[in-house]
Amino acid sequence: MINRDIARIFNEIAYMIQASGDQRSSFEANAYLRAARSLESLQDDIETIYRSGGKEALMKIPGIGKGIADRIAEYIDSGTIKKYEDLRKNYPIDFETLTKIEGLGPKRILMLYRSIGVKDLNDLKKAIEDHRIRDLPGFGEKSEEILSQSLKIYESSAGRIPLPLGYARAVEIRDYLIQTGLAERIEIAGSTRRMKDTLGDIDILAVTEKPLQMMDAFTSMPKVKSVIAKGEKKSTVALDIGTTCDLRIISRESFGAALQYFTGSKDHNIRMRKIAIDHGMKLNEYGLFRDQENVAAGHDEDYIYRTLGLSYIDPELREDRGELEAAQMGKLPNIVKYDSLNADLCVKFDISKAQDKMRAYGYAYILAYAGSEDERGIFRIRSYTLNRNDSVEGTETTFRCADASSFKDDVDSLIKYIRDGKVRFLTNLDAIGTPGEEKVSKIIEACTASRCSIMIDSKSMRPSSDFLFSLRKNDVRIAIASFAGNPDELSYIRFGIGITRRAWISTDRIDNLLPVEELA
Ligand code: DGT
Ligand code: CA
Ligand code: CA
């Protein structure tokens with residue numbers, strides 16, 4: 001679809017405006033960013049919309065005003081956008097990639113380009129290696145070092161795939177293998193089970209009496225691009241989504257220990273092994289051994305944790321970030337369960353006919369996008385409830401929600417909105433900065449004081465679990481929203497729930513568990 005191409009161009013226009021511009025032009029940049037986001041989540045082909053309804057139809061799409069509609073029309077009609085071409089001449093810079101590096105915004109990128117000619121990732125790498133950055137005004141040795149770290153993080157995460165993509169495929173593979181009737185047990189393990197934001201590969205474990213047949217089924221699945229390794233115990237295939245999947249066949253007795261081991265993380269496992277040793281035992285992927293005997297044979301993971309004097313640790317917490325100490329003291333956080341939410345706190349489609357879905361998810365109400373309030377990135381959401389005759393009804397209860405990414409250059413106004421009790425939810429908090437930064441801390445303080453909740457966008461997984469983990473000792477409340485653009489996308493809520501679980505956020509801080517009256 002052409003939607004993505006236009007979205008990419010709009011993002012680039014925004015970066016170029018931000019790089020060169022002043023406070024006033026950030027208004028314009030935000031309009032492009034908003035339009036890009038809207039296009040990315042749009043289900044229908046923008047070209048079809050324009051051809052059948054003209055610019056008027058374009059302007060009915062949320063986030064698209066007159067100016068943007070003109071640009072879209074220009075692109076569809078001529079294959080290019082003049083404003084974009086003109087800007088590109090002055091800024092031949094790969095903003096798309098460079099802005100993904102932590103600590104690099106459009107302005108700093110432009111500064112790097114003008115002073116030492118950095119145009120892309122490769123140039124940046126060389127400049128860091130040659131220590132050409134430390135001498136630039138506003139940078140220094142420390143920020144060169146930080147940039148070098150960020151670059152490493154970026155490179156190590158490149159080639160990984162986003163959880164929603166990998167999770168969907170892992171579930172598909174698991175269900176496919178179940179349907180063969182060959183699996184006695186089957187579980188998704190690894191980072192997918194821990195709900196990590198990005199996945200290096202997918203790991204699946206199975207118990208079967210017919211390993212060869214199961215491996216045949218696995219390697220001949222429709223979405224396999226090539227078979228990397230095929231054996232009786234382990235096979236690896238390359239998938240269509242740019243990642244690989246391991247299937248391991250496990251013996252029945254070892255399944256609990258194997259699931260514990262292959263769920264990871266590696267750091268968590270290393271600590272677990274040490275705790276086993278402290279108990280005079282040995283833990284590995286085959287079992288928990290006292291002398292030569294596997295005391296965990298035939299038992300589940302839970303038994304392994306309890307035998308080692310720990311309470312059961314949910315996979316999302318297994319990162320060696322204090323969960324083992326907490327489990328020893330029985331002080332693990334009470335995290336929210338996947339099927340326990342009372343509501344989805346923001347969707348972006350007409351839910352008046354979604355009663356089946358509402359019932360399936362067990363929601364008492366849903367909040368749905370009800371239009372933007374002004375040009376500042378404030379929007380309204382309205383509550384819908386399932387009434388007695390089983391239809392979905394919009395209620396009088398509405399809430400205001402602020403999009404932090406529209407306040408990047410004007411954090412003070414955002415704080416004032418929050419302090420004045422004007423907004424109930426705040427999305428895209430991570431667009432403002434990193435958790436340690438003063439402006440971020442100030443916003444969180446304001447939110448805590450004025451009962452404005454940090455809203456998680458489950459679809460784009462923002463803010464990330466790492467971001468929210470750093471707020472775990474804070475009292476700020478959390479709202480989980482799927483931001484579904486259609487009924488099927490309601491399932492994205494799982495990733496938002498996963499974020500709160502990985503971030504150690506306890507149930508008493510989660511808005512989705514409240515009835516709608518208490519929310520207001
Ligand atoms: P990924 O694939 O990079 O997203 O992350 P994981 O955690 O899925 O890692 P993966 O696929 O390499 O291995 C799956 C699990 O197997 C991992 O979470 C823990 C365990 N494992 C793998 N290698 C080691 C190791 O060298 N030591 C220990 N203790 N465990 C390991
Ligand atoms: Ca993995
Ligand atoms: Ca693996």
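Note that the structure is a prediction, hence the values are computed from the model and not measured. (Residues numbered from 1 in each chain as written. Chains lettered and ligands numbered in written order. Predicted model: local features only at pLDDT ≥ 70, side-chain atom pairs only at ≥ 80, totals over all residues. Heavy atoms only, no water.)

1. A closer look at the overall build of the protein chain
This is how the line gets drawn: Starting at the N terminus, helices and strands are each numbered in turn, a helix being any DSSP run of H or I of at least four residues and a strand any DSSP run of E of at least two. Exposed residues in this analysis have more than 50% of their type's maximum accessible area, buried residues have under 20%, and partly exposed residues fall in between, with area computed by a 1.4 Å probe over protein chains only. The contact rule is simple, with two residues in contact once any of their heavy atoms fall within 4.5 Å. Only the protein chains shown count as covering a residue, and every accessible area follows the Shrake-Rupley method with a 1.4 Å probe.
Looking only at helices and strands, one finds 22 helices and 17 strands in the protein chain. Taken along the three principal axes of its C-alpha coordinates, the protein chain extends 70 × 70 × 50 Å. Relative to its 520 residues, the protein chain shows a buried fraction of 50%. Within the protein chain, residue pairs in contact and separated by at least 24 positions form 61% of the contacts whose partners lie at least 6 positions apart. Of the roughly 24100 Å² of accessible surface on the protein chain, a fraction of 47% belongs to carbon and sulfur atoms.

2. Quick word on the nonpolar core
Selection criterion: Residue types Ala, Val, Leu, Ile, Met, Phe, Trp, Tyr and Cys, when buried and joined through side-chain atoms within 4.5 Å, form a set referred to as a nonpolar core.
Within the largest apolar cluster, 95 residues are counted, with the highest numbers of intra-cluster contacts made by Leu426, Ile443 and Leu468. Among the elements that take part in this core, helix α10 (residues 163-179) stands out by supplying six residues, more than any other. Once residues lying within four places of it in the same chain are set aside, the contact partners of Leu468 are Ile454, Ile456, Pro463, Ile478, Ile499, Ala503 and Ile505.

3. What about the sheet that holds strand β2 (residues 183-189)?
Strands belonging to one sheet form pairs held by backbone hydrogen bonds; the direction of such a pair is parallel or antiparallel. Going by this rule: A pair of strands counts as paired when DSSP detects no fewer than two bridges linking them. Angles here are taken between N-to-C directions and fall from 0 to 180 degrees, while the axes themselves are lines fitted to C-alpha atoms, restricted in helices to the stretch in contact.
Reading across from one edge, β2-β4-β7-β6-β5 is the order of the five strands in this open sheet, with mixed pairing throughout. Since the sheet does not close on itself, it has two edges, and those belong to β2 and β5 (224-230), each with one partner. For this sheet, the mean inter-axis angle between neighbouring strands, taken without regard to orientation, is 20°. Pairing between β2 and strand β4 (residues 202-208): six bridges, direction antiparallel. Among the inter-strand pairings, Arg185 is bridged to a residue of β4, identified as Val207.

4. Some remarks on the coordination of the calcium ion (ligand 3)
Each pair of donors in an ideal octahedron of six around a metal sits at 90 or 180 degrees, and each pair in an ideal tetrahedron of four sits at 109.5 degrees. Selection criterion: Distances decide who is a donor: an N, O or S atom must be within 2.8 Å of the metal, or within 3.2 Å for Na, K and Ca. Water is not included, so sites may look incomplete.
On the protein side, the calcium ion (ligand 3) has Asp201 (OD), Asp201 (OD), Asp203 (OD) and Asp246 (OD) as donor atoms, found 2.3 to 2.8 Å from it. Of note, the donors binding the calcium ion (ligand 3) are all from one chain and are spaced D-x1-D-x42-D. Between the calcium ion (ligand 3) and the calcium ion (ligand 2) the interatomic distance comes to 3.7 Å, and Asp201 is a ligand of both metals. On the criterion of sequence distance, the pair formed by Asp203 in strand β4 and Asp246 in strand β7 (residues 244-249) is long-range, its members being 43 residues apart.

5. Looking at the coordination of the calcium ion (ligand 2)
Threshold: Under this scheme a four-donor centre is tetrahedral when all angles range from 85 to 135 degrees, a four-donor centre is square planar and a six-donor centre octahedral when opposite donors are above 155 degrees with the rest from 65 to 115, and any other centre is irregular.
Coordination of the calcium ion (ligand 2) by the protein is provided by Asp201 (O), Asp201 (OD) and Asp203 (OD), with metal-donor distances spanning 2.1 to 2.8 Å. Its six donor atoms give the calcium ion (ligand 2) angles of 69 to 169° at the centre, a pattern that matches the irregular case.

6. Looking at the pattern of salt bridges
Which entries qualify depends on this criterion: Criterion for a salt bridge: a side-chain nitrogen of Lys or Arg within 4 Å of a carboxyl oxygen of Asp or Glu.
One pass over the structure, following the stated rule, counts 44 salt bridges. Between Glu184 and Arg252 there is a salt bridge, and its shortest N-O distance comes to 2.4 Å. Of the two residues, Glu184 is situated in strand β2 and Arg252 in the loop between β7 and α13 (255-263); the sequence distance between them amounts to 68 residues. Residue classification places Arg252 among the partly exposed positions, given a relative accessible area of 45%. Arg424 is the salt-bridge partner of Asp511, the closest N and O atoms lying 3.3 Å from each other. Of this pair, Asp511 sits in the loop between α21 (493-502) and α22 (516-519) while Arg424 sits in the loop between α18 (411-419) and β15 (425-427), and the two are 87 residues apart along the sequence. What you see here is one network of salt bridges that share partners, running through Arg169, Glu172, Lys223 and Asp240.

7. Digging into the site of ligand 1
Spelled out, the test is: Residues are classed as near a molecule or strand on a simple rule: at least one heavy atom within 4 Å of it. Two N or O atoms form a polar contact when they lie within 3.5 Å of each other; inside protein one atom must be a possible hydrogen donor and the other a possible acceptor, and for residues adjacent in sequence the pair counts only when both atoms belong to side chains.
Close to ligand 1 lie 15 residues; Arg160, Ser191, Arg194, Gly200 and Asp201 are nearest. Within the side chain of Arg194, one N or O atom sits 2.9 Å away from an oxygen atom of ligand 1. Contact between ligand 1 and Gly200: an oxygen atom at 2.7 Å from a main-chain N or O atom of the residue. For ligand 1, whose unbound accessible area comes to 590 Å², protein coverage reaches 72%. Of all the elements in the fold, those that place two or more residues in the shell around ligand 1 are α11 (190-193), α13 and α14 (266-278).

8. Some words on the domain arrangement of the protein chain
The line we're drawing: Each domain's limits were defined by an automated method or a database of domain assignments. The term buried area means the drop in 1.4 Å probe accessible area that two parts suffer when joined, counted for both and summed.
You can read the domains of the protein chain as domain 1 (2-156), domain 2 (161-249), domain 3 (256-329) and domain 4 (343-518). Distance from the C-alpha centre of domain 1 to the C-alpha centre of domain 4: 26 Å. In this complex, domain 1 contributes 12 residues to the contact, which on the side of domain 4 involves 15 residues. The contact between domain 1 and domain 4 buries some 980 Å² in all, and 37% of this surface belongs to carbon and sulfur atoms.

9. What about the packing of helix α1 (residues 2-20) against helix α2 (residues 23-41)?
What counts, and what does not: Any angle between 65 and 115 degrees counts as roughly perpendicular, while under 35 counts as roughly parallel, over 145 as roughly antiparallel, and the rest as oblique. Each helix crossing is assigned a hand: it is left-handed if the near helix lies turned anticlockwise from the far helix by less than a right angle, otherwise right-handed if that turn is clockwise. Nonpolar residues are Ala, Val, Leu, Ile, Met, Phe, Trp, Tyr, Cys and Pro. Charged residues are Asp, Glu, Lys and Arg, and all others, Gly as well, are polar.
Taken N-terminus to C-terminus, the directions of α1 and α2 make an angle of 160°; their axes are 8 Å apart at the nearest point. In this view, α1 runs roughly antiparallel relative to α2, as classed from their interaxial angle. When the axes of α1 and α2 are compared, the crossing they make is left-handed. For the pair α1 and α2, the contacting residues are Asn3, Ile6, Ala7, Phe10, Asn11, Ile13, Ala14, Ile17 and Gln18 in the first and Ser25, Glu28, Ala29, Tyr32, Leu33, Ala35, Ala36, Leu39 and Glu40 in the second. By residue class, the composition of the contact of α1 with α2 is 12 nonpolar, four polar and two charged.

10. A few points about the pairing of β5
Note: β5 against strand β6 (residues 234-239), five bridges, orientation antiparallel. Paired with Val227 across the strands is Val237, a residue of β6.

11. Things to note about the packing of aromatic side chains
Rules: When two rings of Phe, Tyr or Trp (its six-membered ring) have centres within 6.5 Å they constitute a pair, described as stacked for plane angles under 30 degrees, edge-to-face for angles over 60, and tilted for the intermediate range. Only when the NZ of Lys or the CZ of Arg is both within 6 Å of the ring centre and within 35 degrees of the ring normal is a charge said to sit over the ring.
Per the stated rule, a full pass over the model turns up 11 aromatic pairs. Ring geometry for Tyr492 and Phe495: centres 6.1 Å apart, planes at 55°, overall tilted. The exposure class of Tyr492 is partly exposed, given its relative accessible area of 23%. Following the ring pairs from residue to residue traces out a cluster consisting of Tyr167, Tyr492 and Phe495. In this structure, Arg108 is placed above the aromatic ring of Phe139, and the distance from its NZ or CZ to the ring centre is 4.2 Å. Lying over the aromatic face of Phe469, Arg321 brings its terminal NZ or CZ to 3.9 Å of the ring centre.

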